[in-house]
Structure formats: C-alpha cells, structure tokens
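# Observations on the three-dimensional arrangement
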Amino acid sequence: MAYQYLLDLALILLCTKVLGLFSQRFRMPQVVGSLVAGLMLGPAVFGIIQETEFLKTTASLGVIVLMFTSGMETDINELKRSGKASFLIAFAGVLVPLAGGFLVGVYFNNPELLVNNAAGPEGSLMLQNIFLGIILTATSVSITVETLREMGKLRGPVGSAILGAAIIDDVLGIIALTIVTSFADSSVNVVWVLVKILLFFVFAITAGLAFARLYRRWTCKTEENRTQHVIVAFVFCLLLSYIAEEIFGVTDITGAFMAGLVLANSTSEKRTAYLAANFESISFLYLSPVFFASIGLQVELKRMNAHILLFAVVLTLVAVLSKMIGCGLGAKFCKYSNRESLQIGVGMVSRGEVALIVATKGADLGLINTELFGPVVVVVVVTTIFTPILLKLVFKDRHHTSPPVSPQQNAQP
C-alpha cells in the first residue's frame, strides 16, 4: 500500500496554514494563502504534489461540508426576502458573462491564428464561442462563503443575496450547458433535464419537511447524546447531495446547501450553532485546506503564444467585469445600495472548480478548442485568488472592523 497521500496531506495542511497566517498579516483572508499554497505545491510552480483521486475526493467532500454549514448559518427569513432579488441577480449574472464570453470567442477563436483549428461539432465555431460564454457564467460561491464567514459577513442581506443567487445561477448554468451540449450530443434531452431540476426542488422540499419533523422528535428524546445528532445530520447532508447529483443532475453542493437549510429550520438556534461548529471544526482542520489547495494543484499551464496570452488576459478581464457588472446591475435594480451592489457583484466573481468541470465537459464534446483550455484555467486561478482580496476591499469598514469568526466559536450548545 502506498503512503504518499499521508505526506501530501501533511504538506498541504502545513503550507495552507503557514501561508494563510502570512496572508492574514497583510489583512487578507486566509483563503488567499490556502489558494496560493496549492498553486506553489502543484505543477504550475514547484510540482511537489500531483493531484490524485484521493485528493479530488477529499476536496469534493470539503466543498460539500462547506456549503452544508453555510446552509445551516443562513438566515432563512432573509433568504426568503431576497428570493426575487436573487433570481434577478443570478439572471443578469448569467446573461452578461454569456454575452461577454461569446464576443471574446468571436474575436480570438480564429482558426487562422490557432494551430489546432478544429471547429468542433459539425464545424460550428458559433457553438464553441457560445460555450466559452457558458464557462464564464459559472460561479463557485464556496470561496466567497468561506471569505465572508472569516470576515463575519455571511449573515445579512448581502450574504443571503449572494447565496440565493449562487443557487439559482447554478440551475441557470445547468440549463444553458444542457441546451448547448444537446447540439453536440444527441443523447441529451433538454426538456427532461428541466423536468429533473424542477423535480429535485420538489423532492428536496418534501424530503426536507419530513426529515425536519422526524429530526425534531428524535433530538428531543436523545438530548443527552448530541454526538448522534451530528452524525444523523451529516448522513442527511450526504444523502441529499448524492441524490441531487446522481438522480436529478443538480450539483451536489446544491443538495448540501438545501440540507443545511432544512436543519436550520428543524431545530433550535442553539442546537444549529452546535452542529455548525462541529462541522466547521473538521472543515477547518482538514477538509477546507485540501479543497482550496486542490484548485491550485489543477493548474498546469502549457506554453502559450502571444495570441493565446492576449486571449487569457482579455478573457480574465471579461470574466471579472461581466460578473461584477451583471450581478451588480441586477442588485441595483432590486434597490440595493451602490456599496451593496458592488459587494454582491464581487461575491459572484469566483469561478473555481465549477468552471473547470464545465470546461472539461466541453472539451470532451469538442466544444472548446484545446489551445483555449489553458486560458480558461488562468481565468479560474485568477478569479479564485483575487475574489477574497476584492471582497476584503469592498467590505472594508472605515469605522469598524469585525473580528474574524473562528470555527471554534460557539462550539458549545
């Protein structure tokens, strides 16, 4: 049996913590240091650690737990109030990046300037360009969630709007991806995908209400053994995440977030805080560092010519500005202040692992030129690393600075 994974974990945990503390000295969120640690350990810099299936699985579990605890910490009433606003923010946050990515593709995805000039399914450059826009519509809210939690800003109208918009953004992204891939893959049925998305939310609400009722009764009878409560809560999270991804085709993190919302509504605020603290502890000690580092480990940039380098720069700028403008305008339309609109727009910038998954699927179907894949990775890395930094700047309070929230706070029921 190979024990390399033990050394990999030790290096990841050590480097993410050291660089996290280092970034904190510069008044930046620790997430920034964790992301840089993964970049330095991976093939893009020193090549000390190669991404393995074990690390991929651990990272996936890390983001599931992260979104699960975010669901538990979300103010449900605030989320309900921001429902309409979240939809408009998400819609604008999909439409503007889609248009921006398409226009960038029209200019740069030129067969005469690319070595590999295959035009994708049925020679459709148009389809490739649209797909490039779809990649930019993706949002990885996990980075934002961890940053807002660290700054003590997760609760409130802005945090709820970002979380709600991210869930809706995920659904809209699935719909857009399905429509485009249906042209390249005849086995994809758009109508059936839409029906499954609708059925998932019906199932999640129904199962959530049933679980909440049973959970309330059971916890009252087993008050003396709270460890069991944590285990059962985690089982519910894993089951709903699995069902979301495997049966309904919705991302597992959406299922995890819904599970967290259910728990927040099915028990007392004191017990919810106890559950969240327990999950945050394991996330803080093990899962989150691996997840954030894994993003950097995926970066392996090949040599790029001047055309591709310029494409990477322009695509990154469009990726950042299109989310800020689209989501920001959507928030402004919903009567958020200029400051809040900017905060929401910045909170939706990060693409993270979501964009990589979408891009990989497109590459398998021939929807993205292989030479353009490197710049997509650049977009993912830049937006992921700079989102926490930008969030710190736009949330900066000149009169009062909230202390960072530690996973060990409120750990006792």
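Below: a short report on this structure. In this numbering scheme, every chain counts its residues from 1 along its sequence in written order. Given that the model is predicted, a residue must reach a pLDDT of at least 70 before its local features are reported, and side-chain atom pairs must reach 80 or more before they are shown or counted; all residues, however, enter totals for whole chains, interfaces and linings. As a rule here, side-chain values come from all non-hydrogen atoms in the structure, and water together with hydrogens is ignored.

### Things to note about the nonpolar core
Convention followed: Among buried residues, the Ala, Val, Leu, Ile, Met, Phe, Trp, Tyr and Cys ones that are joined through side-chain atoms within 4.5 Å form a nonpolar core. To sort residues, take the accessible area from a 1.4 Å probe on protein chains only and compare it with the maximum for the residue type: under 20% means buried, over 50% means exposed, and anything in between is partly exposed. A run of H or I in DSSP counts as a helix once it spans at least four residues, and a run of E counts as a strand once it spans at least two, with each numbered from the N terminus. Throughout, a residue-residue contact means that at least one pair of heavy atoms, one from each residue, lies within 4.5 Å.
Within the largest apolar cluster, 107 residues are counted, with the highest numbers of intra-cluster contacts made by Phe68 and Ile135. Element by element, the count of residues in this core is highest for helix H8 (residues 157-184), at 13 residues. Discounting residues that sit within four places of it in the chain, isoleucine 135 has contacts with Ala355, Val358, Ala359, Ile368 and Val376. Within the second largest apolar cluster, 8 residues are counted, among which are Leu9, Leu55, Val290 and Ala293.

### Examining the packing of aromatic side chains
Applied cut-off: Working definition: a ring pair exists when centres of Phe, Tyr or Trp rings (six-membered ring for Trp) sit within 6.5 Å. Plane angles under 30 degrees give stacked, over 60 give edge-to-face, the rest tilted.
Per the counting criterion, the structure on display carries 13 aromatic pairs. For the pair tyrosine 5 and phenylalanine 54, a centre-to-centre distance of 5.1 Å together with 65° between the ring planes defines the contact as edge-to-face. Remark: phenylalanine 54 occurs in helix H3 (residues 53-73) and tyrosine 5 occurs in helix H1 (residues 4-25); sequence separation between them is 49 residues. Since its relative accessible area comes to 31%, phenylalanine 54 is described here as partly exposed. Ring geometry for phenylalanine 200 against phenylalanine 201: centres 5.1 Å apart, planes inclined by 70°, an arrangement best described as edge-to-face. Take phenylalanine 201: its relative accessible area is 21%, and that puts it in the partly exposed class. Through a chain of ring-to-ring contacts, the aromatic side chains of Phe200, Phe201, Phe203 and Phe248 assemble into a single cluster.

### Regarding a nonpolar patch on the surface
Operational definition: Each patch is built from residues lacking any salt bridge and having more than 30% relative accessible area; the joining distance is 9 Å for like charges and 5 Å for nonpolar side chains (Val, Leu, Ile, Met, Phe, Trp, Tyr). For every accessible area listed, the method is Shrake-Rupley and the probe measures 1.4 Å; residues are considered covered only by the protein chains on display. For salt bridges, the criterion is a side-chain nitrogen of Lys or Arg within 4 Å of an Asp or Glu carboxyl oxygen.
The grouping of Phe87, Phe91, Leu95, Val96, Val313, Leu317, Leu321, Ile325 and Leu329 at the surface amounts to a nonpolar patch, some 820 Å² of accessible area in total. Here the element with the most residues in the nonpolar patch is helix H13 (residues 306-333); it accounts for 5 residues. Position of valine 313 relative to the elements: it lies in helix H13. Its relative accessible area of 48% is what places valine 313 among the partly exposed residues.

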